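A structural walkthrough
The residues making up each chain are set out below.
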Amino acid sequence: MSLLDDATEVLDCFARSDVERARALSAPDVVLFGTDDGELWLDREAFLVDLEAMRELGLRARWQEPPSVGDGWVAGTAEF
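Here is a short report on the structure shown in this document. Since we're looking at a predicted model, the values are computed, not measured.

**Things to note about helix α1 (residues 3-15)**
With 13 residues, α1 extends 18 Å from end C-alpha to end C-alpha; this agrees with the ideal 18 Å at 1.5 Å per step. Of all the residues in α1, the buried ones are Ala7, Leu11, Cys13, Phe14 and Ala15. For α1, the secondary structure elements touched by its buried residues are α2 (19-25), β1 (32-33), α3 (44-54), β3 (62-63), β5 (73-75) and β6 (78-79). The first or second residue beyond α1 is Ser17, which carries a positive phi of 55 degrees.

In structure tokens, the structure reads:
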């Protein structure tokens, strides 16, 4: 599995609000941000609390364009 495949799995589990998979795939000190007011998470557990609340939205996600991939990192813009 490639780093891009891993990043796509993370994107998918976030969209589906799969809290247990998101916990397994993200570091405790992960920093995440979204586009809505208040969408800034400075650690995994704070994000997972909000992720659980988003489950009822039934979201799906996709990369808007292929993300950039470097040595140990992936960065891209996703559409939910």
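Here the narrative resumes.
**Focus on the layout of surface pockets**
Its boundaries defined by the atoms lining it, the largest pocket holds a volume of some 1,100 Å³. Every residue lining the largest pocket is counted, 34 residues in all, and those nearest its centre are Leu11, Phe14, Leu32, Phe33 and Phe80. Of all elements in the fold, only α1, β1, α3 and β5 reach the threshold of two or more residues within the lining of the largest pocket. For the lining of the largest pocket, the leading source of residues is α1, giving seven residues. Tallied by class, residues from the lining of the largest pocket come to 24 nonpolar, seven polar and three charged.

Calculation criteria
- Residues numbered from 1 in each chain as written.
- Predicted model: local features only at pLDDT ≥ 70, side-chain atom pairs only at ≥ 80, totals over all residues.
- Heavy atoms only, no water.
- Helix = DSSP H or I, 4+ residues; strand = E, 2+ residues; numbered from the N terminus.
- Expected span 1.5 Å × (residues − 1).
- Buried < 20%, exposed > 50% of the residue type's maximum accessible area, 1.4 Å probe, protein only.
- Contact = heavy atoms within 4.5 Å.
- 1 Å grid on protein atoms, 1.4 Å probe; cavity = no way out; pocket = protein on both sides within 12 Å on 5 of 7 lines; lining within 4 Å.
- Points joined across faces, edges and corners; volume = space filled by probe spheres on them.
- Nonpolar A, V, L, I, M, F, W, Y, C, P; charged D, E, K, R; others polar.

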